[in-house]
Amino acid sequence: MSHPSESAQPVLTARRAGMIACTECGKVHVPGPERCTRCGARLSSRDETSLQRVWAWLGAGLVVYVPANVYPMLKTTLLGKTTNSTIFGGVVDLVHHGSYGIAGIVFFASIMIPVAKFIAIAYLALSVTHRVKLSPGKRQHLYEVVEFVGRWSMIDVFVVAILASLVQLDFAAAINPGIAAISFALSVAFTMLSAQSFDPRLIWDASEEPEQ
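Residues numbered from 1 in each chain as written. Predicted model: local features only at pLDDT ≥ 70, side-chain atom pairs only at ≥ 80, totals over all residues. Heavy atoms only, no water.

For clarity, the threshold we go by: UniProt positions are given in the numbering used here, feature names are shortened, and annotations may be inferred rather than shown by experiment.
The protein chain appears in an unreviewed UniProt entry as Paraquat-inducible membrane protein A from Alloyangia mangrovi. Of the comments in the UniProt record for the protein chain, the one headed Subcellular location (unreviewed entry) reads "Cell inner membrane".

1. Considerations on the side chain of serine 50
Here is the rule: Each helix corresponds to a stretch of at least 4 residues labelled H or I by DSSP, and each strand to a stretch of at least 2 residues labelled E; elements are numbered beginning at the N terminus. Residues adjacent in sequence count toward polar contacts only when both atoms are side-chain atoms; beyond that, a polar contact is any pair of N or O atoms within 3.5 Å, and within protein one must be able to donate a hydrogen and the other to accept it. Only heavy atoms enter the contact rule, under which two residues are in contact if any of them lie within 4.5 Å.
Structurally, serine 50 can be placed in helix α1 (residues 50-70). A polar atom in the side chain of serine 50 sits 2.9 Å from the backbone nitrogen of aspartate 199. In this structure, serine 50 is in contact with Ser197, Phe198, Asp199 and Leu202, ignoring residues within four places of it in sequence.

2. Side note on the side chain of serine 127
Within the fold, serine 127 resides in helix α3 (residues 100-129). Here the side chain of serine 127 touches leucine 124 through a polar contact of 2.6 Å, landing on its backbone oxygen.

3. With respect to the packing of aromatic side chains
Stated precisely, the cut-off is as follows: Two aromatic rings from Phe, Tyr or Trp, using only the six-membered ring of Trp, form a pair when their centres are within 6.5 Å; if the ring planes differ by under 30 degrees the pair is stacked, by over 60 it is edge-to-face, and anything between is tilted. Note on classification: 1.4 Å probe, protein chains only; a residue is buried when its accessible area is under 20% of the maximum for its type, exposed when over 50%, partly exposed between these limits.
On inspection of all chains with the given rule, the structure shows 4 aromatic pairs. With a centroid separation of 5.4 Å and an interplanar angle of 65 degrees, the aromatic rings of tyrosine 65 and phenylalanine 118 are classed as edge-to-face. Linking tyrosine 65 in helix α1 with phenylalanine 118 in helix α3, this pair joins segments that are 53 residues apart in sequence. Each member of the pair tyrosine 65 and phenylalanine 118 is classed as buried. Ring plane angle 45 degrees and centroid distance 5.6 Å describe the contact between tyrosine 143 and phenylalanine 198, whose orientation is recorded as tilted. Linking tyrosine 143 in helix α4 (residues 136-149) with phenylalanine 198 in the loop between α6 (179-197) and α7 (201-208), this pair joins segments that are 55 residues apart in sequence. Taken individually, tyrosine 143 and phenylalanine 198 each receive the classification buried, so the pair is uniform in this respect. Taken together, Tyr65, Phe118 and Phe184 form an aromatic cluster joined through their ring pairs.

4. A few points about α3
Residue pairs three or four apart in sequence face the same way in an α-helix, which turns once every 3.6 residues. The following threshold applies: A helix's residues, less one, multiplied by 1.5 Å, set its expected span. To get the bend at a given residue, fit one axis to the seven residues ending there, fit another to the seven starting there, and take the angle between those axes.
Taking 1.5 Å of rise per residue, the 30 residues of α3 would be expected to cover 44 Å, and the 42 Å separating its terminal C-alpha atoms lies within 8% of that figure. Where α3 bends most, at phenylalanine 108, the angle is about 35 degrees.

5. Focus on the environment of arginine 139
With respect to the helices, strands and loops of the structure, arginine 139 is situated in helix α4. For the pair arginine 139 and tyrosine 123, spaced 16 residues apart in sequence, the C-alpha to C-alpha distance is 9.1 Å. Arginine 139 has contacts with Tyr123, Leu124, Ser127, Val132, Leu134 and Ile203, leaving out every residue within four places of it along the chain. A polar contact is formed between the side chain of arginine 139 and the backbone oxygen of leucine 134, at a distance of 3.0 Å.

6. Examining the nonpolar core
Stated formally: In this text, buried Ala, Val, Leu, Ile, Met, Phe, Trp, Tyr and Cys residues form a nonpolar core when linked through side-chain atoms within 4.5 Å.
Leu51, Met73, Ile121, Phe184 and Phe198 are the most contacted members of the largest nonpolar core, which has 25 residues in total. Among the elements of the structure, α1, α3, α4, α6 and α7 are those that each provide at least two residues to this core. Per-element tally for this core: the top contributor is α3, with 8 residues. Setting aside residues no more than four positions away along its own chain, isoleucine 121 makes contact with Val54, Leu58, Val146, Thr191, Ser194 and Ala195.

7. Some thoughts on the UniProt feature "transmembrane region" (unreviewed entry) in the protein chain
Mapped onto the present numbering, the UniProt feature "transmembrane region" (unreviewed entry) falls at residues 54-74, 100-127, 148-167 and 173-193. End-to-end, the C-alpha atoms of residues 54-74 are 30 Å apart, and along that stretch the chain is 81% helix and 5% strand. The span residues 100-127 is 100% helix and 0% strand, and its two end C-alpha atoms sit 38 Å from each other.

8. Comments concerning α4
Over its 14 residues, α4 extends 20 Å from the first C-alpha to the last, a length consistent with the 20 Å expected when each residue adds 1.5 Å. Along α4, the residues that are buried comprise Pro136, Gly137, Arg139, Gln140, Tyr143 and Val146.

9. Structural notes on the packing of helix α2 (residues 87-96) against α3
We count it as follows: Lines fitted to C-alpha atoms define the axes here, with helix axes fitted over just the stretch in contact, and angles between the N-to-C directions of these axes take values from 0 to 180 degrees. Put simply, angles under 35 degrees are roughly parallel, angles over 145 are roughly antiparallel, angles from 65 to 115 are roughly perpendicular, and the rest are oblique. By definition, turning the near helix anticlockwise from the far helix through less than a right angle yields a left-handed crossing, and turning it clockwise yields a right-handed one.
Two numbers describe how α2 lies on α3: the axes approach to 8 Å, and their chain directions differ by 165 degrees. Between α2 and α3, the angle is such that the two are roughly antiparallel. Note that α2 runs across α3; the crossing there is left-handed. For the pair α2 and α3, the contacting residues are Ile87, Phe88, Val91, Leu94 and Val95 in the first and Tyr100, Ile102, Ala103, Val106, Phe107, Ser110 and Ile111 in the second.

10. Remarks on a nonpolar patch on the surface
How we decide: Patch definition: residues above 30% relative accessible area lacking any salt bridge, with like charges linked at up to 9 Å and the nonpolar side chains Val, Leu, Ile, Met, Phe, Trp and Tyr linked at up to 5 Å. Per-residue and other accessible areas were derived by the Shrake-Rupley procedure at a 1.4 Å probe size, with only the shown protein chains allowed to occlude residues. Salt bridges are counted wherever a side-chain nitrogen of Lys or Arg sits within 4 Å of a carboxyl oxygen of Asp or Glu.
On the surface, a nonpolar cluster with roughly 400 Å² of combined accessible area is contributed by Val66, Val70, Tyr71 and Ile179. By relative accessible area, which is 44% here, tyrosine 71 ends up partly exposed.

The following block contains the structure:
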């Protein structure tokens, strides 16, 4: 028995019903009030500058993500000898020392998640202006996942900050953050702003537009 596709059953959105939904609490309002009567958030049918800000923040995140992987994330001084470690170099060192679990966490949080976020945000933004195979419901779930995992991308910076504060033994041993730590933190912040700038209601608007 075949089931009708999702495109054959359009979702009745607040916009199609002539209403305005609050993006903070979800309460639906008739056009007129400027702020939500429940939570006080500003009401707007759609954020017209959403996509421009998404691409601007995403581009900025990509620009600073390059030096975050090229330059040292960690500077380790042991008995007067200083060694520099990039993110990937740190993962390799951890593997060589047998710390496979920590290496996996750092690789996943500092390389896999940021790259996946870049791809997911770009895909969501493109899906608003281009036809894609993924259904609106699944794209909505993808957006929610991107927002949820964004905060965990900072784990590498947290580890560097903790090590730098704990290991300071002057000439004997010292750990200091490299310039890549700043670049990586900026990249995470910019991608979080990019995700927050995206108006998920545009996903459903795009699905309502007739095919050319």
